[in-house]
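# Secondary and tertiary structure notes
What follows is the residue order along each chain.
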Amino acid sequence: MVNVHQAKTHLSRLIDEAHAGETIVLAKAGKPWARLMPLEAMPPERIPGRLQRWGPLALPDELLQPMAADDLAVWQDPSVWPAEPQP
């Protein structure tokens, strides 16, 4: 917990700490007043058509062919996938 007067004096350091993952509680007259915390990571920007500059696929029908059994087994291996979805 950091007093507002201290926070004004050390704002740059507190912002760096918050960016590093720490949550800082700002207090006014000794009572919690606000919270300084890191922002959630921004999702990567999706740009449709990004791969068009390389032209059409050489063998587009290959994408529709069934996978080989050994490749499919790798995809279905539970150790490859995380137990819980990552945010």
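Structural data are supplied above this passage.
Okay, so let's go over this structure. None of the values given here were measured: they were computed from a predicted structure. (Residues numbered from 1 in each chain as written. Predicted model: local features only at pLDDT ≥ 70, side-chain atom pairs only at ≥ 80, totals over all residues. Heavy atoms only, no water.)

### Brief notes about the overall build of the protein chain
Helices and strands together make up the secondary structure of the protein chain, namely three helices and three strands. Walking the protein chain from its N terminus toward its C terminus, one meets helices and strands in the order β-α-α-β-β-α. Taken over C-alpha atoms, the radius of gyration comes to 25 Å for the protein chain, far larger than the 12 Å a tight globule of 87 residues would show. C-alpha extents for the protein chain along the principal axes are approximately 70 × 35 × 15 Å. Classification of the 87 residues of the protein chain by burial places 7% in the buried group. The contacts of the protein chain with a sequence gap of at least 6 include a subset with a gap of at least 24, amounting to 22%. Just so you have it, the protein chain exposes about 8,500 Å², and 61% of that area is on carbon and sulfur atoms. The protein chain carries 8 positive and 11 negative side-chain charges, and their two centres are separated by 23 Å. (Helix = DSSP H or I, 4+ residues; strand = E, 2+ residues; numbered from the N terminus. Rg over C-alpha atoms; globule rule 2.2 N^0.38 Å. Buried < 20%, exposed > 50% of the residue type's maximum accessible area, 1.4 Å probe, protein only. Contact = heavy atoms within 4.5 Å. Areas by Shrake-Rupley, 256 points an atom, 1.4 Å probe, with all protein chains shown as cover. Lys, Arg positive; Asp, Glu negative; His and termini not counted. Charge placed at Lys NZ, Arg CZ, Asp CG, Glu CD.)

### Some remarks on the sheet that holds strand 1 (residues 2-3)
Overall, mixed pairing links the three strands, which are arranged 1-2-3 in an open sheet. Edge positions in the open sheet fall to strand 1 and strand 3 (31-36), since each of these has one partner strand only. Alignment of strand 1 against strand 2 (residues 24-28), held across two bridges, turns out to be parallel. Across the sheet, Asn 3 pairs through a bridge with Ala 27, a residue of strand 2. (Pairing = 2+ DSSP bridges.)

### A look at the pairing of strand 2
For a regular strand, side chains alternate in direction, first toward one face of the sheet and then toward the other. One ladder, built from five bridges, connects strand 2 with strand 3; its direction is antiparallel. Paired with Val 25 across the bridge in strand 3 is Arg 35. Counting the residues that bridge the hairpin from strand 2 to strand 3 gives two residues, and of these Ala 29 lies at a positive phi of roughly 55°.

### Details of the nonpolar core
Counting residues in hydrophobic clusters, the biggest one holds five residues: Val 2, Ala 7, Leu 14, Ala 18 and Ile 24. If near-sequence neighbours (up to four positions away) are discounted, Leu 14 is found in contact with Val 2, Ala 7, Ile 24 and Leu 36. (Core = buried A, V, L, I, M, F, W, Y, C linked by side-chain atoms within 4.5 Å.)

### Looking at the environment of Met 1
Structurally, the position occupied by Met 1 is in the segment before strand 1. Each C-alpha atom of the pair Met 1 and Val 74 lies 49 Å from the other, and the pair is 73 residues apart in sequence. Ignoring anything within four residues of it in the chain, the contact list for Met 1 reads Val 25, Ala 27, Gly 30 and Pro 32.

### Description of the environment of Ile 24
For Ile 24, the location among the structural elements is in strand 2. With 15 residues separating them in the primary sequence, Ile 24 and Leu 39 have C-alpha atoms 13 Å apart. Sequence-distant contacts of Ile 24, that is, excluding residues within four places in its chain, are made with Val 2, Leu 14, Glu 17, Ala 18, Ala 34, Arg 35 and Leu 36.

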